[in-house]
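Architecture and fold: a report
Each chain, written out:
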Amino acid sequence: MKTTSDLISEFEQLFRQKLQLNNCKLRKKRQENNYEIITPAKDIFLMYWSEFPEVSLIYQAVGVRTQQTSVYERAIRLHISSCLSSIQENPASETPLLVK
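Cut-offs applied
Residues numbered from 1 in each chain as written. Predicted model: local features only at pLDDT ≥ 70, side-chain atom pairs only at ≥ 80, totals over all residues. Heavy atoms only, no water. Helix = DSSP H or I, 4+ residues; strand = E, 2+ residues; numbered from the N terminus. Buried < 20%, exposed > 50% of the residue type's maximum accessible area, 1.4 Å probe, protein only. Pairing = 2+ DSSP bridges. Axes fitted to C-alpha atoms, helices over the stretch in contact; angles between N-to-C directions. Parallel < 35°, antiparallel > 145°, perpendicular 65-115°, else oblique. Left-handed = near helix turned anticlockwise from the far one by under 90°. Contact = heavy atoms within 4.5 Å. Nonpolar A, V, L, I, M, F, W, Y, C, P; charged D, E, K, R; others polar.

Another point: unusual backbone geometry. For the peptide bond that leads from Phe52 to Pro53, omega is 20°, which places it in the cis range. Turning to its location among the elements, Pro53 is positioned in the loop between β3 (44-48) and β4 (54-60).

Let us now look at the pairing of strand β2 (residues 34-38). Most of β2 is tucked away, with four of its five residues classed as buried. Between the end of strand β1 (residues 25-28) and the start of β2, which pair antiparallel, lie five residues, with Asn33 showing a positive phi angle near 65°. Bridge analysis of β2 against β3 gives five bridges, and the strand direction is antiparallel. Within β3, the residue paired with Glu36 across the bridge is Leu46. Turn length for the β2-β3 hairpin, with the two strands adjacent in sequence and antiparallel, is five residues, and the turn residue Lys42 shows positive phi of about 70°.

Next up on the list: the environment of Ala61. If you trace the backbone, Ala61 turns up in the loop between β4 and α2 (67-89). Classification of Ala61 by relative accessible area gives exposed; the value is 67%. In this structure, the C-alpha to C-alpha distance between Ala61 and Ile44, residues 17 residues apart in sequence, is 7.5 Å.

Direction vectors running N to C along helix α1 (residues 4-21) and α2 enclose 140°, while the axes themselves pass 9 Å from each other. The orientation of α1 relative to α2 falls into the category oblique. Read as a crossing pair, α1 and α2 show a hand that is right-handed. Taken together, the residues of α2 that come into contact with α1 (itself represented by Leu7, Glu10, Phe11, Leu14, Phe15, Lys18 and Leu19) are Ile76, His79, Ile80, Ser82, Cys83, Leu84, Ser86 and Ile87. For the contact of α1 with α2, the per-class residue count stands at ten nonpolar, three polar and two charged.

Everything listed here is a matter of geometry and, on its own, says nothing about what the molecule does.
This is the structure we're talking about:
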């Protein structure tokens, strides 16, 4: 059975690959389990969890929220769900996964 650390590492790797498809950047913050996602439109989203795999995503208001911001937010949420589902489908993992 995989450890939480292994699951987080696998999730991060998959998530980075998916974000690259949208030309978004993932930057790990100094605080543990905190990440910053920057879109090509310069929108910033914060992704974090206190107990993996319960991942939260919030928009950091740094400018005007546009229709494009909503498109990126939906894509990022789908990427998170997809990555968590992929990890869950792995038979070595039996951890229930939740997205907020």
